[in-house]
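# Residue-level structural notes
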Amino acid sequence: NPLVRFRVYFAAMSPQTFSFVLWSILAALYLPVLATLLRRSLGHETAAYLFSGYVILAMVITVGEALWRGGQWPIINRVANDFQAYGALALSYLLLLAIVAFLRRDMRVWLGVGAFWVLGFIILVPNLLGLGKVVWTNGTQSLTFDRLAPLWAVLGWMVFTVGAFIHVRSMHSKSKLPLYRNRLNYWTPAFLLILVNDLLLIFGIPVPGNFVRLVAAVLSALIIVTHDPP
């Protein structure tokens, strides 16, 4: 019986193998989202291409998660969490650019802000400022140098995520077209899902986080390609 053999196979899996299979399946589920974006993007080609970058990067991050949890990528938990923070930063920036393009707004300011954040990493990672091991302390808590780059990533994630949400709500308040306003309303649950997802990942809770990111990507893609959602 194929079903019985399937159940026996999964029962015999080690936890690492099961994690690798689970995250690999999640990564593969991004492919239909990517195909939808590239096939049905009439009128919002730039936004679709930018959000396709979001989907591809999210898929790569999920594959990295699969390799780590499957024991194929031996890194410590703190490095893995930092990897998630940097990934959340890059994804938030791609989402912001996709939304700016979707709203047909000028993205030059945000390109400049993105360049500023890259410059921050160029300065912080090689320690061009000559900072010590402990950057700040109040006696009970301290900020060490090795946590500056992840902190800069989280700060950038906040700036880009809030900026994207403000753009959407500002356009919603200005628009007089009911169908367009209705379409913009769909970004609110997408943002909520992304916020929940990224906070889970930043705080080291990846199991629901990866799934929530996939759901957010599906909803965001539908907003871009669907002109008259319910």
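Residues numbered from 1 in each chain as written. Predicted model: local features only at pLDDT ≥ 70, side-chain atom pairs only at ≥ 80, totals over all residues. Heavy atoms only, no water.

## Some details on the overall build of the protein
- Within the protein, the regular secondary structure consists of ten helices and two strands.
- Its helices and strands in sequence order give the protein the pattern α-α-α-α-α-α-β-β-α-α-α-α, from N to C terminus.
- Counting only C-alpha atoms and orienting by the principal axes, one finds that the protein spans roughly 65 × 50 × 25 Å.
- Looking at the protein residue by residue over its 230 residues, the buried ones come to 42%.
- Excluding contacts between residues fewer than 6 apart, the proportion of contacts in the protein whose partners are at least 24 apart in sequence is 69%.
- Once the 17 positive and 7 negative side-chain charges of the protein are each reduced to a mean point, those two points are 6 Å apart. (Helix = DSSP H or I, 4+ residues; strand = E, 2+ residues; numbered from the N terminus. Buried < 20%, exposed > 50% of the residue type's maximum accessible area, 1.4 Å probe, protein only. Contact = heavy atoms within 4.5 Å. Lys, Arg positive; Asp, Glu negative; His and termini not counted. Charge placed at Lys NZ, Arg CZ, Asp CG, Glu CD.)

## Side note on helix H3 (residues 30-39)
- Inspection of H3 places Tyr-30, Val-33, Leu-34, Thr-36 and Leu-37 among the buried residues, and these make up the whole buried set. For H3, the angular spread of buried residues about the axis comes to 160 degrees, placing them on one side. (Arc of directions from axis to C-beta.)

## Focus on the confidence of the model for the protein
- Put simply, the protein has an average pLDDT of 88, and 92% of its residues get 70 or more.
- Confidence, read as mean pLDDT per element, is least for helix H1 (residues 2-11) in the protein (60) and greatest for helix H6 (residues 108-124) (96). (pLDDT = per-residue confidence, 0-100.)

## Here we look at the pairing of strand E1 (residues 134-137)
- Pairing of E1 with strand E2 (residues 142-144), which is carried by three bridges, proceeds in the antiparallel orientation. The residue bridging Val-134 from the neighbouring strand is Thr-144, located in E2. (Pairing = 2+ DSSP bridges.)

## A short note on the pattern of salt bridges
- Counted by the stated rule, this structure contains five salt bridges.
- One salt bridge in this structure joins Asp-106 and Arg-108, with 2.6 Å as the shortest N-O distance. (Salt bridge = Lys/Arg side-chain N within 4 Å of Asp/Glu carboxyl O.)

## A short note on the layout of surface pockets
- A volume near 190 Å³ is recorded for the largest pocket.
- Contributing to the lining of the largest pocket are Asn-81, Asp-82, Ala-85, Leu-143, Arg-147, Pro-150, Leu-151, Val-154, Ile-202 and Phe-203.
- Counting residues per element, the ones that place at least two in the lining of the largest pocket are helix H5 (77-102) and helix H7 (148-174).
- Looking at the lining of the largest pocket residue by residue, the class counts come to seven nonpolar, one polar and two charged. (1 Å grid on protein atoms, 1.4 Å probe; cavity = no way out; pocket = protein on both sides within 12 Å on 5 of 7 lines; lining within 4 Å. Points joined across faces, edges and corners; volume = space filled by probe spheres on them. Nonpolar A, V, L, I, M, F, W, Y, C, P; charged D, E, K, R; others polar.)

## Points about the nonpolar core
- Counting residues in each nonpolar core, the largest one holds 53 residues, and the members touching the most others are Leu-37, Phe-51, Leu-95, Ile-99, Phe-102, Trp-187 and Ile-224.
- For this core, the elements supplying multiple residues, two or more each, are helix H2 (15-28), H3, helix H4 (45-69), H5, H6, H7, helix H9 (187-202) and helix H10 (206-225).
- In terms of residue count, the dominant contributor to this core is H5 (eleven residues).
- In contact with Leu-95, other than residues within four places in its own chain, are Phe-51, Tyr-54, Trp-187, Phe-191 and Ile-194. (Core = buried A, V, L, I, M, F, W, Y, C linked by side-chain atoms within 4.5 Å.)

## Description of the packing of H5 against H6
- Close contact between H5 and H6 brings their axes to 11 Å; oriented N to C, the two are set at 165 degrees. One element, H5, and the other, H6, form an angle in the roughly antiparallel class. Crossing angle aside, the handedness with which H5 passes H6 is left-handed. Contacts between H5 and H6 involve Tyr-86, Leu-89, Tyr-93, Leu-96, Leu-97 and Val-100 on the former and, on the latter, Trp-110, Leu-111, Gly-114, Trp-117 and Phe-121.
- Counted by class, the contact of H5 with H6 contains ten nonpolar, one polar and no charged residues. (Axes fitted to C-alpha atoms, helices over the stretch in contact; angles between N-to-C directions. Parallel < 35°, antiparallel > 145°, perpendicular 65-115°, else oblique. Left-handed = near helix turned anticlockwise from the far one by under 90°.)

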